[in-house]
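# Results of the structural survey
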Amino acid sequence: MADTRRQLRSGTVVLGGMGLLAAALTACSSEPDKRCVDRDSYNLAKGYKVVADKNCKSSNTSVHGAWHYGGEKEDGWVDGGSFTKPRSSSGGSGHGVSRGGFGGGEGSSGG
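Calculation notes
Residues numbered from 1 in each chain as written. Predicted model: local features only at pLDDT ≥ 70, side-chain atom pairs only at ≥ 80, totals over all residues. Heavy atoms only, no water. Phe/Tyr/Trp six-rings, centres within 6.5 Å; stacked < 30°, edge-to-face > 60°. Buried < 20%, exposed > 50% of the residue type's maximum accessible area, 1.4 Å probe, protein only. Disulfide = S-S within 2.5 Å. Helix = DSSP H or I, 4+ residues; strand = E, 2+ residues; numbered from the N terminus.

## Considering the packing of aromatic side chains
What characterises a pair of aromatic rings is the spacing of the ring centres plus the angle enclosed by the ring planes. In this structure the tally under the stated criterion is two aromatic pairs. Summarising the aromatic geometry, the rings of tyrosine 42 and tyrosine 48 are spaced 4.9 Å apart at their centres and angled 55° between planes, so their arrangement reads as tilted. Residue tyrosine 42 is classed as partly exposed on the basis of its relative accessible area of 45%. Between tyrosine 48 and phenylalanine 83, the aromatic rings sit 5.1 Å apart at their centres with planes inclined by 80°, giving edge-to-face as the arrangement.

In structure tokens:
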């Protein structure tokens, strides 16, 4: 009976550890969240219009495309974020998005 309880506890610890590992790896992606947007399309209510990536890779397009990092995408528009590529919070090569986490981010939680 004691062996069964010990197995269950160790299984819970392993599963919990796997969840933390998955969350950490997801937060440390190698590429930041970026979208190609039309810089001339800004709308106060919607943000910038998302366009095809080719508009950011070539200067031979009619759209003034630029990479936009972060923000929230909704119905082909992105609001928030920045045109500046975010730096890595881990001191790496400048790739990745700083998303906070355990002890990270601004502000406080509590109540």
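Still more to cover.
## Considerations on the state of the cysteines
Two cysteines whose sulfur atoms are joined by a covalent bond form what is called a disulfide. Throughout the structure, instances matching the rule amount to one disulfide. Cysteine 36 shares a disulfide with cysteine 56; S-S distance 2.1 Å. On the S-S bond that ties cysteine 36 to cysteine 56, the torsion sits near 95°, and the link is right-handed. Placement of the pair is cysteine 36 in strand 1 (residues 34-38) and cysteine 56 in helix 2 (residues 54-57), with a sequence separation of 20 residues. Each member of the pair cysteine 36 and cysteine 56 is classed as buried.

## Structural notes on the environment of aspartate 33
Looking at where aspartate 33 falls in the secondary structure, it is placed in the loop between helix 1 (2-27) and strand 1. For aspartate 33 and lysine 85, which are 52 residues apart along the polypeptide, the C-alpha to C-alpha distance reads 9.4 Å.

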